[in-house]
Amino acid sequence: IRSRHIHGLAYTAGVVLSFVAIAILMLALRAAGESIGWGFQLQSPLFVVFLVYLFFVMGLGLSGYLEIGSNLMGLGQLSKHQEGIMSSFMTGILATTIASPCTAPFMGPALGFAIAQPAYVALLVFAFLGLGMALPFILLAWIPGLTQRLPRPGAWMDTFKQFLAFPLYITAVWLLWVAGRQTSMDVAAAVIAGLVLLVMGLWIWKQSVRPAGKLMAIAVLGAALAAPVVTLSEDGEETAFETYSSQRLAELRATGQPVFINLTADWCITCLVNERVALSSEKIVQLMDEQGIVYLKGDWTNSDPQITALLNKFQRSGVPLYLVYPRSSGPAQILPQILSESVVIEALTKASR
C-alpha cells in the first residue's frame, strides 16, 4: 500500500471513529434521559470558545504569523512518515467535530432512523455516515487519475494557503456569535480580548531572546486562555431591575418607597466595572430585597430624552450617575462615580430607615 493510500485510510479512520464516538456518547446520554441530537457538542459554550481559539490559531498559521511545528502534541518521537499519518487522522477528527452539525439536514432521515434502532444498528449507521463523509478524500488518495487532474504544485500554493486563512477567521467569528448567543456579550467580549492577548503573547515570544521575555509571553498567553473561562464561570443572571422612566420614579416616590437609580451605558467602562464589582454583590441584592428598595436602571447606550433630562437635573454631562432616594420623602443622595460595596450598602441602609 502506498503512502497516499495510508493517508486516505488514516483520514477515513479519524472520521469514522469520531462519528462512532459521538454516536456512543449521544446514545448513552439519550438512555440517561437527556434530550439531545446530532451536533450537541456545539451546545457547550466552553467547547464553542475552544473552537474559536482553535480556528483563530489555525488561521494565524495559514497567514504565516504562527509556525505550528509538527513535533507538537507529543509527536516529537515519531518519524516524518508517522507524523503525516497522525496529521491525516487528526484532520478527520476535526472535520467530523466541526462539519458534522452542518450536514444534519442531509443526514436527518438516517439519524432519525438510527436513534430509534438498537444500539448496534445505530452505530453501524453512524459508521457508514462517517464513511460517506470521508469518501471524497479517500477517492483522491486511492485513484491516481483523480489526483492527476489537480493543479500542479507551485508558488500559487503559498498564496492559496494564506487565502484559506480567511474562511477560518470567518468561522471563528461565526462561532464567537454562537458563544455570545449562548451566554452573553460579556463572554463574547472576553473571547475577543483573549484573542488579542493571544496575538500579543505570540508577538512577545517572537521578539524575546531572554528568559524574562519568554516568561512574560507565557503569562500573557495564560491570561489569553483564562479570560473567557473566568468570564464563563462568573456569567450569571443580572441583578433584577426595572427600566427607568420619569413616570415610574414619580409613582415610587408618591408611595414613599426607597429607590436606587443607576444611569449607565454599554460603552461606559466605569459603569460596567461598577456593576461587576459593587452592584452585583450578594449583600447589596439581599439588602434591596429585605428593605424593599426598587432598583431602576437607565440605559443611555442609545439616546434617551428622559435619561438626558435626569442627568441635566443633577448637572451631569454623562454617565455614570447613581442616585439613592430615601424612604418617604427627601432629596436624592448622589453616590461617587467609582463605587465600592461598602459605599453602596451605607447609602442603601441610610435610605431605608
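Keep in mind that this is a model prediction, so the values were computed, not measured.

Calculation criteria
Residues numbered from 1 in each chain as written. Predicted model: local features only at pLDDT ≥ 70, side-chain atom pairs only at ≥ 80, totals over all residues. Heavy atoms only, no water. Helix = DSSP H or I, 4+ residues; strand = E, 2+ residues; numbered from the N terminus. Buried < 20%, exposed > 50% of the residue type's maximum accessible area, 1.4 Å probe, protein only. Areas by Shrake-Rupley, 256 points an atom, 1.4 Å probe, with all protein chains shown as cover. Phe/Tyr/Trp six-rings, centres within 6.5 Å; stacked < 30°, edge-to-face > 60°. Lys NZ or Arg CZ within 6 Å of the ring centre and 35° of its normal. pLDDT = per-residue confidence, 0-100. Contact = heavy atoms within 4.5 Å. Disulfide = S-S within 2.5 Å. Polar contact = N/O pair within 3.5 Å; in protein donor to acceptor, adjacent residues only side chain to side chain. Axes fitted to C-alpha atoms, helices over the stretch in contact; angles between N-to-C directions. Left-handed = near helix turned anticlockwise from the far one by under 90°. Pairing = 2+ DSSP bridges. Arc of directions from axis to C-beta. Salt bridge = Lys/Arg side-chain N within 4 Å of Asp/Glu carboxyl O.

J.: Before we move on, can you summarise the overall build of the protein with the specific residues and values?
T.: From N to C terminus, the protein includes 15 helices and five strands. Expressed as a percentage of the 353 residues in the protein, the buried residues total 38%. As presented, the protein carries roughly 20,300 Å² of accessible surface, and 66% of it is formed by carbon and sulfur atoms.

J.: Break down the packing of aromatic side chains for me, with residues and values.
T.: Summed over the entire model, instances satisfying the criterion amount to ten aromatic pairs. When the ring of F47 is compared with that of F50, the centres are 6.2 Å apart and the planes differ by 40°; the resulting orientation is tilted. Highlighted residues: F47 and F50, both in helix α2 (residues 45–63), separated by three residues, approximately one helical turn. Looking at F50, the relative accessible area reads 47%, which means it is partly exposed. An angle of 10° between the planes, with centres 6.4 Å apart, marks the rings of F260 and Y322 as stacked. Of this pair, F260 sits in strand β2 (residues 259–264) while Y322 is found in strand β4 (residues 321–325), placing the two residues 62 residues apart along the sequence. Among the residues examined, Y322 registers a relative accessible area of 0% and is labelled buried. Aromatic rings pair up to connect F241, F260, Y295 and Y322 into one cluster. Cation over ring: K206 sits above Y65, and NZ or CZ is 4.6 Å from the ring centre. Positioned over the ring face of W205 is K214, at 4.2 Å from the centre of the ring.

J.: Which residues make up the confidence of the model for the protein, and what are the values?
T.: The predicted model of the protein averages 81 in pLDDT, with 84% of residues at 70 or higher. Confidence drops under pLDDT 50 across residues 69–82; counting only partners more than four residues distant or on other chains, this segment forms ten contacts.

J.: How would you sum up the state of the cysteines? Please name residues and give values.
T.: Here, the word disulfide means a covalent bond between the sulfur atoms of two cysteines. All chains considered together, the criterion is met by one disulfide. Note on cysteine connectivity: C268 is disulfide-linked to C271, with sulfurs 2.3 Å apart. Disulfide C268-C271: torsion about the S-S bond near 80°, hence right-handed. Assigned by exposure class, C268 and C271 land together as buried.

J.: Explain the environment of W267 to me, and be specific about the residues and the numbers.
T.: On the secondary structure map, W267 appears in the loop between β2 and α12 (269–279). For the pair W267 and W300, spaced 33 residues apart in the sequence, the C-alpha separation amounts to 9.2 Å. Apart from residues no more than four positions distant in its own chain, W267 is found in contact with W300, T301 and V319. Polar side-chain contacts of W267 include one of 3.2 Å to the backbone oxygen of T301.

J.: I'd love a proper account of the packing of α2 against helix α9 (residues 185–207), names of residues and values included.
T.: One can describe the packing of α2 onto α9 by two numbers: an axis separation of 11 Å at closest approach and a directional angle of 35°. Pair α2 / α9 crosses with right-handed handedness. Listed contacts from α9 to V49, V52, Y53, F56, V57 and L60 of α2 are V191, G194, L195, L198, V199 and L202.

J.: Give a detailed account of the sheet that holds β4, specifying residues and quantitative values.
T.: If you walk across this open sheet you meet the five strands as β1-β3-β2-β4-β5, and the pairing is mixed. The sheet is open, and its two borders are formed by β1 (242–243) and β5 (333–334), each paired with just one other strand. Pairing geometry for β4 and β5, over two bridges, is antiparallel. Bridge pairing in β5 links L323 to I334. Packing of helix α15 (residues 341–351) onto the sheet brings it into contact with β2, β4 and β5, and relative to β4 it is tilted by some 30°.

J.: Give a description of α12 that names residues and reports values.
T.: Residues C271, N274, E275, A278 and L279 constitute the buried set of α12. Down the axis of α12, the smallest arc covering the buried residues is 110°, so these residues share one side. Exposed residues on α12 whose side chains face more than 90 degrees from its buried face are I269 and V277. Check the buried side of α12 and you find it contacts β2, α13 (282–291), β3 (294–299), β4 and α15.

J.: Help me get a handle on the pattern of salt bridges, residues and values and all.
T.: As enumerated under the stated definition, the model contains five salt bridges in all. It is possible to trace a salt-bridge network through shared partners that takes in E242, R248 and E251.

J.: Quick one: what's the story with unusual backbone geometry, residue by residue and with numbers?
T.: Note: most peptide bonds trans; most residues except glycine with negative phi. Cis peptide bonds are those with omega within 30 degrees of zero, and the linkage from V319 to P320 qualifies with 5°. Within the fold, P320 resides in the loop between α14 (305–313) and β4. Of note, Q315 is a non-glycine position whose phi angle comes to about 55°, a positive value. Take Q315: it is sitting in the loop between α14 and β4. Given a relative accessible area of 75%, Q315 falls into the exposed group.

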